[in-house]
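Chain residues, written in single-letter form:
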Amino acid sequence: TINKSNGKKSNGNHHLLYLTLAETNDQDADLQRLNSLVELLSSFPGEDPVRLTIVSGGEETAVDLPQIKARYCPQLHEELASLLGERGIQLRPA
């Protein structure tokens, strides 16, 4: 459970962030979005593991990002949604 007043987890449980990034026809823009995503996650350091799924040509490739652990909170969710869209974010118990 997330305490909405401070964005911190109230029960100490970790979450697994499943993020989906859809490839477009603009390779440079896709690379920029990926870089922005890594920078965003790095700006919310924490203990929540991240799995990134890249959708390209109808195929999905899932990659765990062991070097990046984030702190899920409402602000991170909002910024992820602006970058990936709401459909690109899933939160599950770790």
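These numbers come from a predicted model, not from an experiment. (Residues numbered from 1 in each chain as written. Predicted model: local features only at pLDDT ≥ 70, side-chain atom pairs only at ≥ 80, totals over all residues. Heavy atoms only, no water.)

## So, the nonpolar core
For soluble globular proteins, nonpolar side chains are generally found buried alongside one another. What counts, and what does not: Buried Ala, Val, Leu, Ile, Met, Phe, Trp, Tyr and Cys residues form a nonpolar core when they are joined through side-chain atoms within 4.5 Å. A simple rule labels every residue: compare its accessible area, found with a 1.4 Å probe on the protein chains alone, to the largest value its type can have, and call it buried under 20%, exposed over 50%, or partly exposed in between. Comment: elements are numbered from the N terminus, with helices defined as DSSP H or I runs of at least four residues and strands as E runs of at least two.
Among the nonpolar cores identified, the biggest contains 19 residues, and Leu17, Leu19, Leu37, Leu41, Val50, Leu76 and Leu80 are the most heavily contacted of them. Of all elements in the fold, only β3 (15-22), α1 (27-42), β4 (45-56), β5 (59-70) and α2 (74-84) reach the threshold of two or more residues within this core. Among the elements that take part in this core, α2 stands out by supplying four residues, more than any other.

## Quick word on the confidence of the model for the protein
To keep it simple, the criterion reads: Predictor confidence is given residue by residue as pLDDT, running from a minimum of 0 to a maximum of 100. Contacts between residues were defined by any pair of non-hydrogen atoms, one from each residue, lying within 4.5 Å.
In this model, the protein carries a mean pLDDT of 88, and residues with pLDDT of at least 70 account for 87%. Averaged pLDDT values for the elements of the protein fall to 39 in strand β1 (residues 2-3) and rise to 96 in α2. Every residue in residues 1-11 scores below 50 in pLDDT, and together they form 19 contacts with partners more than four places removed in sequence or on other chains.

## Digging into the pattern of salt bridges
Here is the rule we go by: Here a salt bridge means any side-chain nitrogen of Lys or Arg lying within 4 Å of a carboxyl oxygen belonging to Asp or Glu.
Evaluated as defined, the whole model comprises two salt bridges. Across the pair Asp30 and Arg33 runs a salt bridge whose closest N-O atoms are separated by 3.7 Å. With Asp30 and Arg33 both in helix α1 and three residues apart, the pair spans about one turn of that helix. Judged by its relative accessible area of 10%, Asp30 falls in the buried class. Taking the shortest distance from any N to any O, the salt bridge between Arg51 and Asp64 comes out at 2.7 Å. Taken as a pair, Arg51 in strand β4 and Asp64 in strand β5 lie far apart in primary sequence, 13 residues in all.

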